[in-house]
Structure formats: structure tokens, C-alpha cells
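Residue-level structure breakdown
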Amino acid sequence: MARAMPLPPQRAHGDQGPSWADRFSAWRESLTARPSFRAWAARFPLTRPLARRRARELFDLCAGFVYSQVLAACVRLKLFEILHEAPAEERALAARLGLSPEAMNRLLVAAESLRLVRRRADGAWALGELGAAMIGNPGIAAMVEHHAMLYADLADPVELLRRERGGTALAQYWAYAGAAQPGALPGEKISDYTALMAASQPMVAQEVLAAYRFGQHRRLMDVGGGSGAFLTAVGKANPGLDLLLFDLPAVAEQGRQRFAREGLADRAMAMGGDFTTDSLPLGADIISLVRVLHDHDDDVVQALLGRVRAALPKGGRVLIAEPMAGTAGAEPMGGAYFGFYLLAMGRGRPRRPDELVAMLTAAGFTAPRLLPTDTPLLTRVMQAEAN
């Protein structure tokens, strides 16, 4: 397991005026904004590669929705699974998928340009490098299907920014987001999103298990843990660890059923409640919050962290696992994707590590640390100790 990393200091924001880097960026942007400079840069040998890369990046921003719809078509047609079985001829694929030869060719050529499929030397089609990565990752396919609602909510992004929160397709899907009493939601209202979270949870669990040693603890309580997919993964990897799930009553019932199916009922419990209003059960020496905090507004998060601290003994730990804003190499994920996804959902926001540190400190935790994860874009992990 990799060592924990202290959090880097944040640059202070004051009335010091623009830095030299800011001034240089402003000068560079003023040049780039001139059509005459762009034309010169596209012709000059030393700047031509940069100009072409910038043009490609700008085009990708404009065409991104089309790319995502090509991926959605491949997922819905189960093209990746078919090509995983064996490479196939184009006409055979068209007949199997119920597409005309022209439509099949159009999809395959589009998918090839996105490295989802590839044409072999003999003319047959096979998985591309990104299409191959979809195999064994049902959570990605589930999210691709789920995004149809997000795209509907984003059809008019300016209207979404101006409207009151709620009333969107995503807000209705995540039923607890707008419910006055989330704990009273019936099973049919939570089944779809609980299944979606369970499908994508194995990827997150793998990252967290590689980053943190759960075997040093006696009992893990996962708050907002859905149907128990994360706890099941941790429990199977740590046979001496007791498990406790805390989520809405209807969700907790699904957790009980999962624990029974997975042979964990002798050391795994599920309790129903609303973590936005109810006190948390006592007895755990570590509490996990996996993809929970960024779904809620600051006041709810701060209150929840206070409840987590009250439920832990002195020296107990809290473990936060979720995508975080400001992650190097994943800036669009935190700034654009989650920023607008959570806006459409009706609440929550992506937070930087230093923001979480401030909230943990205010709740009575000390020594917050980020733990290295293999795929920070997918999730980052932060631990802190109860003071």
C-alpha cells in the first residue's frame, strides 16, 4: 500500500494583483484571439503543431456530444460484447444488429475514429483499445445509458443555470435529492439509482482497497452505502472485519438481501435511517463515505461530518472516497462534468481536497491525508482521525 501524502499548501487568494504567470497568460490569450496571429501560427513550422492541436481540442469540445452518442449506440447494440466473442465481418454485424449495411458502416467508421473498434487487415472488425476497456466494466456501460437523462437536462444549459433547483429528469431519478422525507421513500423510488450505483461500485472499491488497509480495524460502517456493494467487496477482502451499512430504510433492506446472498450475514448488518437528520449508530472504529459528500450541499455535508465524528471513538477514522475537484489531469471531470451533473441533479458540488480538510477540521477531525489511488479521475481517498 502506498504511503499517505500530506496535502499540498494552497496558494493564497488576496489583493496582490495578477502574478507574472497571469500576465503571461493574458498576453498569450490576447495573441491567440487575433485571427491574423492564428493564421500565421498555422503556417509557421515551429508553431504549426501547437496550432493544429489547439484546433483539434476546440473541435472536440464542439463535437463531444456526437462522440458520446456513438459510444451510446455501441453500448446499446452490445457491439463490444459481440466483438469480444470474435471479430466479425461488417455484413454479418449488420444482419445481427438489424442495421442496414450503410448504417453499420457509418457506425463502425465512427467508432474506429474514437478507438472503440478497429478494422483488421483481413477486413473483419475487432475491438479497439478503448472498446476493449469496456469489457468487464458494466458500471461504465450503465453510466453511458444513464446519461440520456443528463443530456435531456442539458438541452438548454443556460436555462438550466437560470432555473430554480429541481424539476429535472435527474432530480426525479435521484429521488432523495428533492424528497422532503427521504427516509419515507418506497423501494420502487430507489431501485433504479441503487442498481446504477451498485454496478459502478466495484471500480471504486478496487481503488479504495488498493489505497487503504482495512484489516487494522474491527468494524467498518459505510454511510450512504447503497445496497452494500462496497461493503461486500471490503468484507470479502478482510474476513475478520465486521460490517455495518447505514442508508435509507428501503435501501438498507436491499443491503440485507445482498449480505445474505454473499454469505456475509453473520458479520454484516444493515440499518435504515436518514444520515441528513438521524444520529449514526455507535460501535464502528472506521466510517466510510463513498461517493456521498459531493452529492450534498455544504450545510448537509458539515452536519454529516459532525454526526460521523460523534459516532466514532477518539482515534477512530473517517475515510472519504469520491472524485475531487482540482485533480491534476482530471480538471474537466471536477469542473465541468460533476459541476453540471450535480446542478441538474439539484444539489451538491465537487470539492477540492483543501475544502474537505477545512470541513473535517471544523467537525473535530485531525491529520487529514490524501492516499494515492491508481486512477485519481475515478476516485481519490482521504482519511482523518477523530480528535
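Residues numbered from 1 in each chain as written. Predicted model: local features only at pLDDT ≥ 70, side-chain atom pairs only at ≥ 80, totals over all residues. Heavy atoms only, no water.

1. Examining helix H8 (residues 138-153)
The end-to-end C-alpha separation of H8 is 24 Å, in line with the 22 Å expected for 16 residues at 1.5 Å each. Along H8, the helix axis deviates most sharply at His 146, where the bend reaches about 30°. All buried positions along H8 are accounted for by Gly 139, Val 144, His 146, His 147, Leu 150 and Asp 153. (Helix = DSSP H or I, 4+ residues; strand = E, 2+ residues; numbered from the N terminus. Expected span 1.5 Å × (residues − 1). Bend = angle between axes of the 7 residues up to and from the residue. Buried < 20%, exposed > 50% of the residue type's maximum accessible area, 1.4 Å probe, protein only.)

2. Points about the pairing of strand E7 (residues 317-322)
With respect to burial, E7 is a largely interior element, six of its six residues being buried. Going residue by residue along E7, you find Arg 317, Leu 319 and Ala 321 tucked away on one face and Val 318, Ile 320 and Glu 322 tucked away on the opposite face as well. The sheet contact formed by strand E6 (residues 286-290) and E7 spans five bridges and is parallel. Along E7, the bridge assignment pairs Leu 289 with Ile 320. (Pairing = 2+ DSSP bridges.)

3. Structural notes on the layout of surface pockets
The computed volume of the largest pocket comes to approximately 2000 Å³. Lining the largest pocket are 48 residues, and of these Leu 71, His 147, Met 333, Tyr 337 and Leu 377 sit closest to its centre. Here the residues of the lining of the largest pocket sort into 34 nonpolar, nine polar and five charged. Around the second largest pocket, the lining is made up of 18 residues, and of these Thr 32, Arg 38, Leu 50, Ala 51 and Arg 54 lie nearest the centre. Those elements that provide at least two residues to the lining of the second largest pocket are helix H1 (20-32), helix H2 (35-43) and helix H3 (48-76). Within the lining of the second largest pocket, the residues separate by chemical class into eleven nonpolar, two polar and five charged. (1 Å grid on protein atoms, 1.4 Å probe; cavity = no way out; pocket = protein on both sides within 12 Å on 5 of 7 lines; lining within 4 Å. Points joined across faces, edges and corners; volume = space filled by probe spheres on them. Nonpolar A, V, L, I, M, F, W, Y, C, P; charged D, E, K, R; others polar.)

4. Re the packing of aromatic side chains
Counted by the stated rule, this structure contains five aromatic pairs. Each ring, one from Tyr 212 and one from Phe 214, has its centre 5.1 Å from the other, and the planes form 70°; the classification is edge-to-face. The burial state of Tyr 212 is the same as that of Phe 214; both residues are buried. When the centroid spacing of 6.3 Å and the interplanar angle of 70° are considered together, the rings of Phe 214 and Phe 230 count as edge-to-face. Of this pair, Phe 214 sits in the loop between helix H11 (187-211) and strand E3 (219-223) while Phe 230 sits in helix H12 (residues 229-237); the two residues are 16 residues apart in sequence, bridging distant segments of the chain. Residue class for Phe 214 comes out buried when judged on its relative accessible area of 1%. Taking the relative accessible area as the measure of exposure, Phe 230 reaches 0% and is therefore buried. Over the face of the ring belonging to Trp 20 we find Arg 23, whose NZ or CZ atom lies 5.0 Å from the ring centre. (Phe/Tyr/Trp six-rings, centres within 6.5 Å; stacked < 30°, edge-to-face > 60°. Lys NZ or Arg CZ within 6 Å of the ring centre and 35° of its normal.)

5. Structural notes on the sheet that holds E6
With respect to topology, seven strands assemble into an open sheet ordered E5-E4-E3-E6-E7-E9-E8, the strand pairing being mixed. Strands with a single pairing partner mark the edges of an open sheet, and in this sheet they are strand E5 (268-272) and strand E8 (365-371). Recorded for the sheet is a direction-independent mean angle of 20° between the axes of neighbouring strands. Two elements, E3 and E6, share three bridges in a ladder whose sense is parallel. Bridge assignment links Met 221 to a residue of E6, and that residue is Ile 287. Sitting on the sheet, helix H13 (residues 249-261) touches strand E4 (242-247) and E5, and the angle it makes with E5 is about 165°. (Axes fitted to C-alpha atoms, helices over the stretch in contact; angles between N-to-C directions. Contact = heavy atoms within 4.5 Å.)

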